Amino acid sequence: MLVLYNSEIYRIRIRKKQENMFRYLVGHVTLLILLSGSAKADLQSDAVAFAADYTTDAAEVYYNSSLAAWNYQTGITEENLNAMNAENVKSAAFTKMYGEQAKQDFPDTSTLEESEQRQIDSIKILGTANLNEADLNQYNDLTGGMEATYSTATVTMPDGRVLNLDPDLTALMATSRDYNELKYAWKGWYEAAGRPIREDYETFVALSNKASVADGFTDTGEYWRSWYEMNGQLEATVDALWAELQPLYTELHAYVRRKLYEKYGSNYINLKAPIPAHLLGNMWAQQWGNIYDLVEPYSGKTGVDATPAMQSQGYDAMKMFKTSEEFFVSLGLDEMTDEFWANTMFVKPTDRDVVCHASAWDFYNKVDFRIKMCTVVNMEDLITIHHEMGHIQYYQQYKDQPIPFRGGANPGFHEAVGDTLALSVSTPKHLNKIGLLDKVEEDDEADINYLLSQAMDKIAFLPFGLMIDKWRWSVFSGDTPKAKYQDKWDQLRKDLQGITPPVERDGTTDFDPGAKYHVPANTPYIRYFVSFVVQFQFYKSMCDASGHQGPLYKCDFYQSKEAGAKLQKMLELGSSKPWQFAMNEITGSEDMSTLALQEYFDPLTTWLKQKNLDNGDTPGWTDMDWRPMGYKLEDSVVGFLDSYNSSAEDVYFKAVSAEWEYNTNINDQTQAASGVASQEQAQFNAEQAVLAKQYDPLDISDPTNTRLIEKLSVVGTGALPDADLQALTEVNSKMQTKYSTAKACGVGDRPDTECIPLDPDLTSIMATSKNYNELRDAWITWRGASGAMMRDDYNSYIDLENEAAVLNNYHDMGEYWRADYETPDIEEQLEKVWQEMLPLYQELHAYTRRKLYNYYGSEVINLNGPIPAHLLGNMWAQSWLDIYDLVEPYSGKSRPDATPGLQQQGWDAKKMFHVADDFFGDMGLMKCPDEFWSETMFTKPEGREVVCHASAWDFYNRKDFRIKMCTEINQNDFVTIHHELGHIQYFMQYQHLPVTFRDGANPGFHEAVGDTLALSVGTLQHMYKLGLIDEPTNDLESDINYLMSVALDKLAFIPFGYLMDKWRWDVFSGRISKANMNQGWWDYRVKYQGVTPPQSRDETDFDPGAKFHIANNVPYIRYFVSTVVQFQFYESLCKEANHTGDLFKCDFNGTKAAGDKLGAMLRLGSSVTWEDALEQITGSREMTSASLVNYFTPLLDFLKEENKKNNDVVGWPDYSWEPPTNTLSGNGKVLLDNAGSTAKPGSLTIIAFVFFLITRVLLE
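Residues numbered from 1 in each chain as written. Predicted model: local features only at pLDDT ≥ 70, side-chain atom pairs only at ≥ 80, totals over all residues. Heavy atoms only, no water.

Turning our eyes to something else, we now look at the overall build of the protein. What the protein contains, in helices and strands, is 47 helices and 12 strands. Compactness check: the protein gives a C-alpha radius of gyration of 42 Å against a globular reference of 33 Å for 1260 residues, more than 25% above the reference. Across its three principal axes, the protein shows a C-alpha extent of roughly 145 × 60 × 55 Å. The contacts in the protein between residues at least 6 apart in sequence include a share of 77% that link residues at least 24 apart. Here the protein has roughly 47600 Å² of accessible surface; of this, 49% comes from carbon and sulfur atoms. (Helix = DSSP H or I, 4+ residues; strand = E, 2+ residues; numbered from the N terminus. Rg over C-alpha atoms; globule rule 2.2 N^0.38 Å. Contact = heavy atoms within 4.5 Å. Areas by Shrake-Rupley, 256 points an atom, 1.4 Å probe, with all protein chains shown as cover.)

A word on the confidence of the model for the protein. On average, residues of the protein score 91 in pLDDT, and 94% of them are at 70 or above. Confidence drops under a pLDDT of 50 for residues 20–36, and excluding neighbours within four residues, the segment shows six contacts in the predicted structure. Note on residues 1235–1260: pLDDT is under 50 here. Beyond four places in sequence and across chains, it has 43 contacts. (pLDDT = per-residue confidence, 0-100.)

Per the stated rule, a full pass over the model turns up five disulfides. Here Cys543 is linked by a disulfide to Cys555, with a sulfur-sulfur distance of 2.1 Å. Around the S-S axis, the bridge from Cys543 to Cys555 shows a dihedral of about -105° and counts as left-handed. Pair noted here: Cys543 is in helix H20 (residues 526–546) and Cys555 is in the loop between H20 and helix H21 (561–571), with a separation of 12 residues, a long-range link. Both residues of the pair, Cys543 and Cys555, count as buried. Covalent S-S linkage joins Cys1134 and Cys1146, the inter-sulfur distance amounting to 2.1 Å. Its S-S torsion of approximately -110° makes the covalent link between Cys1134 and Cys1146 left-handed. With Cys1134 in helix H43 (residues 1117–1136) and Cys1146 in the loop between H43 and helix H44 (1152–1162), the pair connects residues that are 12 residues apart, well separated along the chain. In terms of burial, Cys1134 and Cys1146 fall into one category: buried. Cys928 carries a free sulfur, and the closest cysteine sulfur to it, the one in Cys966, is 18 Å from it. (Disulfide = S-S within 2.5 Å. Buried < 20%, exposed > 50% of the residue type's maximum accessible area, 1.4 Å probe, protein only.)

Looking now at the pattern of salt bridges. For the structure shown, the criterion picks out 62 salt bridges. One salt bridge connects Lys433 with Asp556, and the closest N-O pair in it is separated by 3.2 Å. Of this pair, Lys433 sits in helix H17 (residues 428–433) while Asp556 sits in the loop between H20 and H21, and the two are 123 residues apart along the sequence. A relative accessible area of 8% means that Asp556 is categorised as buried. The shortest N-O distance in the salt bridge between Lys734 and Asp793 comes to 3.5 Å. With Lys734 in helix H27 (residues 722–741) and Asp793 in helix H30 (residues 791–807), the pair connects residues that are 59 residues apart, well separated along the chain. (Salt bridge = Lys/Arg side-chain N within 4 Å of Asp/Glu carboxyl O.)

Our next topic: the packing of aromatic side chains. Summed over the entire model, instances satisfying the criterion amount to 111 aromatic pairs. Put simply, the rings of Tyr139, Tyr201, Phe204, Phe217, Tyr223, Trp224, Trp227, Trp471, Phe476, Tyr485, Trp489 and Phe511 pair up and form one aromatic cluster. Over the aromatic face of Phe363 sits the side chain of Arg370, whose NZ or CZ is 4.0 Å from the ring centroid. Geometry around Phe581 places Lys577 over its ring, the cationic atom sitting 5.6 Å from the centre. (Phe/Tyr/Trp six-rings, centres within 6.5 Å; stacked < 30°, edge-to-face > 60°. Lys NZ or Arg CZ within 6 Å of the ring centre and 35° of its normal.)

Following both chains from N to C, one finds helix H25 (residues 668–692) and H27 inclined at 135°, their axes separated by 10 Å at the closest point. Comparing the axis directions of H25 and H27 gives the class oblique. Two packed elements cross with a definite hand, and for H25 against H27 that hand is right-handed. Only Asp722, Leu725, Gln726, Thr729, Ser733, Lys734 and Thr737 of H27 make contact with H25, whose side of the interface consists of Gln671, Gly675, Gln679, Ala682 and Gln683. Here the residues of the contact of H25 with H27 are counted per class, giving two nonpolar, eight polar and two charged. (Axes fitted to C-alpha atoms, helices over the stretch in contact; angles between N-to-C directions. Parallel < 35°, antiparallel > 145°, perpendicular 65-115°, else oblique. Left-handed = near helix turned anticlockwise from the far one by under 90°. Nonpolar A, V, L, I, M, F, W, Y, C, P; charged D, E, K, R; others polar.)

Counting through the fold element by element, Thr307 comes out in helix H12 (residues 307–312). Residue classification places Thr307 among the buried residues on the basis of a relative accessible area of 14%. Not counting chain neighbours up to four residues away, the residues in contact with Thr307 comprise Val377, Asn378 and Met379.

Glancing now at the pairing of strand E4 (residues 359–362). Both faces of E4 are covered, namely the face carrying Ser359 and Trp361 and the face carrying Ala360 and Asp362. Inspection of the sheet shows E4 paired to strand E5 (residues 369–372) by four bridges, in the antiparallel sense. Bridge pairing in E5 places Ser359 opposite Lys372. (Pairing = 2+ DSSP bridges.)

Here we take up the nonpolar core. In this structure, Tyr1191 and Phe1192 are the most contacted members of the largest nonpolar core, which totals 195 residues. The element that contributes the greatest number of residues to this core is helix H40 (residues 1036–1069), accounting for 19 residues. In this view, Phe1192 contacts Leu840, Leu1043, Val1046, Ala1047, Lys1050, Leu1051 and Phe1127; residues no more than four positions away in its chain are not counted. Grouped together as the second largest cluster of nonpolar side chains are 184 residues, Leu260, Ile291, Met345 and Ala358 included. (Core = buried A, V, L, I, M, F, W, Y, C linked by side-chain atoms within 4.5 Å.)

This part is about the pairing of strand E10 (residues 951–954). Moving residue by residue along a regular strand, the side chains alternate between the two faces of the sheet. Along E10, one buried face is formed by Ser951 and Trp953 and the opposite face, lined by Ala952 and Asp954, is buried too. One ladder, built from four bridges, connects E10 with strand E11 (residues 961–964); its direction is antiparallel. What sits directly across from Asp954, in E11, is Phe961.

As a packed pair, H40 and helix H46 (residues 1186–1205) sit with axes 10 Å apart at the nearest point and diverge in direction by 115°. Taken together, the axes of H40 and H46 are roughly perpendicular relative to one another. Like other packed secondary-structure pairs, H40 and H46 cross with a definite hand, here left-handed. Counting all contacts with H40, which are made through Ile1040, Tyr1042, Leu1043, Met1044, Val1046, Ala1047, Lys1050, Leu1051 and Ile1054, the residues of H46 involved are Leu1188, Tyr1191, Phe1192, Pro1194, Leu1195, Phe1198 and Leu1199. Here the contact of H40 with H46 is composed, by residue class, of 15 nonpolar, no polar and one charged.

So, about unusual backbone geometry. Glycine aside, residues mostly have negative phi, and peptide bonds are mostly found in the trans state. The step from Asp166 to Pro167 runs through a cis peptide bond, and the omega angle for that step is 5°. Position of Pro167 among the secondary structure elements: in helix H6 (residues 165–175). In the segment running from Asp759 into Pro760, the intervening peptide bond is cis, with an omega of 0°. Inspection of the secondary structure puts Pro760 in helix H28 (residues 758–768). Of note, Tyr364 is a non-glycine position whose phi angle comes to about 65°, a positive value. Within the secondary structure, Tyr364 is located in the loop between E4 and E5. Positioned with a positive phi, Asn522 is a non-glycine residue whose angle comes to about 60°. Overall, Asn522 belongs to the buried group, its relative accessible area being 19%.

Attention now goes to H6. Turning to H6, its buried residues are Leu165, Leu169, Leu172, Met173 and Ala174. Looking at the buried positions of H6, the neighbouring elements they touch are helix H5 (133–152), strand E1 (154–156), strand E2 (162–164) and helix H7 (179–194).

For the rest of this paragraph, the subject is the environment of Trp817. For Trp817, the location among the structural elements is in helix H31 (residues 813–818). A residue is classified by how much of its surface remains accessible, and Trp817, at 9% relative accessible area, is buried. Taking C-alpha positions, Trp817 is 52 Å from Ser151, a pair spaced 666 residues apart along the chain. Setting aside residues no more than four positions away along its own chain, Trp817 makes contact with Tyr797, Glu801, Asp1061, Arg1064, Trp1065, Phe1068, Asn1113 and Pro1115.

Positionally, Gln119 belongs in helix H4 (residues 114–124). We classify Gln119 as buried; its relative accessible area is 3%. Those residues in contact with Gln119 that sit more than four places away from it in its chain are Ala51, Thr55, Pro402, Pro404 and Phe405.

Helix length check: helix H8 (residues 198–214) (17 residues) gives 25 Å between terminal C-alpha atoms against 24 Å at 1.5 Å per residue, within 8%. Turning to H8, its buried residues number three or more, namely Arg198, Tyr201, Phe204, Val205, Leu207, Ser208, Asn209, Ala211 and Ser212. Buried residues in H8 make contact with H5, H7, helix H9 (220–226), helix H18 (444–477) and helix H19 (485–497). (Expected span 1.5 Å × (residues − 1).)

See below:
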């Protein structure tokens, strides 16, 4: 039942009934008399009268409803809400009454004149007036409540500040550059404004659709689209317009994304992914002008921000409005009315809640027009005032039209008018004219700055303007039910805008659309997209009318009456004609077109394309699943970590298995399979790292989970694009294969056709031969067969590794590797430890050089220079143990070499492994499982190529642990077995931990464990216990012999362990160029080791590649760290064993207390920092050489005495000396094939000599 609310409405209805009845009777009489001609004329006459009555009556009704809505939005109270709802009901009753009457009186309007036809067809649309009283009341309650929720929502920040949207949150989003502050504000607003209305919105949609269906539409979306009179083609049209503009948007997006990457880093910006929505200076990321300072192309140019000038000149809201009015008047358009100035809300009141969202109001009485705005003195609001005053101007120009025609030609036209003028207002030329810009710079850079500032508003807005109603149309049509509200919103934001929420959204609770005013306020939005296109058409037309010459973006038609007249002609039409007619009036074309917009931004488009190309950025966002750090919340972290661990065990098992197959059977098939599995593992790690990086460690309260997330967040090489990852896999595989299959031909007296591998042949020659030339041949031919073959590969490897490092937010791969130590000053710590050990190494070097001099003679040994690298018993001079016989301090004493005993007693590889395993078991540590004994490769197999380099393997299934080794029966390999079993012990001890923690506390710890036990195993007492040497004599000379044997292995290694990665770090960083890699290698070999190549090297060589760890991409500083900390471990375990006396004599075999202490540290894996783990076993958190120096103190005293006695120089001041090459073959003293010295000048550069001088200065 229709309720009568006041006497005026009652009088209107009675009069209408009387008039209708009279017309009905007259009509029937007329029809009986005249069946044509005059009937049509009377129908037209009736329609004219009916439309005129409607306008008269509607003016009062709409005034009252508009006033009630104004009162509510400028004073949000329950009383005002109720009053507004009551007026809405009255308005609906009025609409329904007239609509039903129109349907009854004019069922067919096709014979009416165009004006009356358009008016009456409009009146027939009842909208929500179709609803019954209960539904209408509910509808009004819902819309009023949703708007109230939006308008009163606040966010409480972590510091206790309670912020509303305007001006607080708006200002924060515009000015803050704190990622987490912005995220908190964004999350708080969307939860405060959006979440509460999610349930109401579903009911609202149902009621709105019910009303639209009653008007003959399928849903409200179709009803809204009908306003554009495009026969159902609106969506297709706007999609086509967007397709033309999208390339420009993606170029802008890519450029802005790069600038945000430079500001916030890779944790928060992915250069191939959507941008986090809260970083663009606006709560909805709809316009980006507020972050112009971050993206400005050319700093130092005059800016286009009038805000500073406005503030310094004392602008207030009133002056901003007067400035806007003056612009309209200068075009010959209307001034604002007295009622406008009396009634407008210019600033936010302090005594009440209001709806701050700027809006323009028509009160339908031809004089009362108002703007509601919480004005802030800045350029953005100055532009907004022009926009809103554009609406007012439109109202004033069409005020004399019938009320059905008091609207824009289409809704987008209404939005475009003010913006059209704002394009002129915002030009530097205009701002300069009105005193808000000091000067106008006429240069290309200033123009690009200006155009970018415009694009940050105009172009950035386009996809947002499109997606709001695309989302609502899908909701109204039923394609998007409530369960999918949030998902659909997020998908459109990602697809169209290329943005992603900064925090995870929950489809069951979140309702982000509700955090945008136009959704709870039920204001259609596609009008803004249309506006942003057609305003450039209007602008170009008005510029042409003003006589503007030059680039479109420089046009200011201020004070052009011709431009104003063209605009006025269109405005006066209102919606009395189809919008195509109005468009033609102002532009000369009936079509919406992007050509004017593209012309405006053409210089910027060209610039952006080139800039993105220069930056290597591809427009678009292909990494659609990427999310920024902090996206995930803590409540899901445990589930994620459990899922990762389960999957990782499977993936790692497959990758390790494939790598094992390749290493133990080198062929094309196993190489390919290993490459595939390795790539799959890298991709898995990359995918999981992307997910892990969605958690911010600072948000996670559990420290263990925090550490797991931090470790998992490192993407590694999986960050590379697929093609580059494949290339890296292939280049690594090629280098490994070249190394593992390399053979040296024609070594010594062998013919050139006889080629021998590194293990065991070349290794044996280097260890046992004393023939200078044979050793040199083996040394040179190995490098020619291995390293030189992979130099080009290594160049590619450097580029790909560095690319991966940068993608992981490191400067280069060296920095990435050092991050494993979780110590910012690790380089300084390592250098400090090296300097502590350097005097000990130099004494050993001088002593050894003297012994080699005594054996090989003065022709090839310079007592003031570096030692020829091939004479030290090892292919890389990293261990000198195999020349013990040449340097033995005291002959005739117990020889600390178990090799004869091992061989004479018939030990085989398995026995060596079992005895080593027993050592661990005797300490109460874990023994190797059955799988170890059945799967380990103990010796080099026949009939296939293998990687002989000893290594330990964890298959990540908590039972399968293996060693791969081409075991030889000698003491060196017996010690190596203990080293590798140390890795196995570590694997077994931490197998209970998550996969992420199944690693050493740092990489050096893993290397140190087995070596720590080997220090005990290698004691004379222990070797004697095993029956491998005679009973040692307990005297100083035997002790010195023993310490010398250990020093030739441990001390001799230290500089090599240090320089390997120092060289790689410098290659990765570019300090050593690709063109000088071999030179840089030998600079470091000479500087740190004091060794020199046996013949000159150049850049056709690549001697680093002759070392397994270079070819196989294995970081090496771990071995240096291991050499240091193993002595700290050893000293600590000896204390647990209650050892007294010299440290080097400690054998803790069988000591359970020592085993317990070691096991406790091993079980930690990498779940704690290495300092924590070191403290667990040693009681100290500092890496120090003190234990090592303590261990070797007796030897150091001996070496100093011997070197002093021999008057030997400690060091190698003849830095650039190299040995001659014209040597005669044979053992012992080396002779030259002609008289006199033929030692040639060194090939090392002057830079290398400078390195030496600097080192000497630092040491002094």
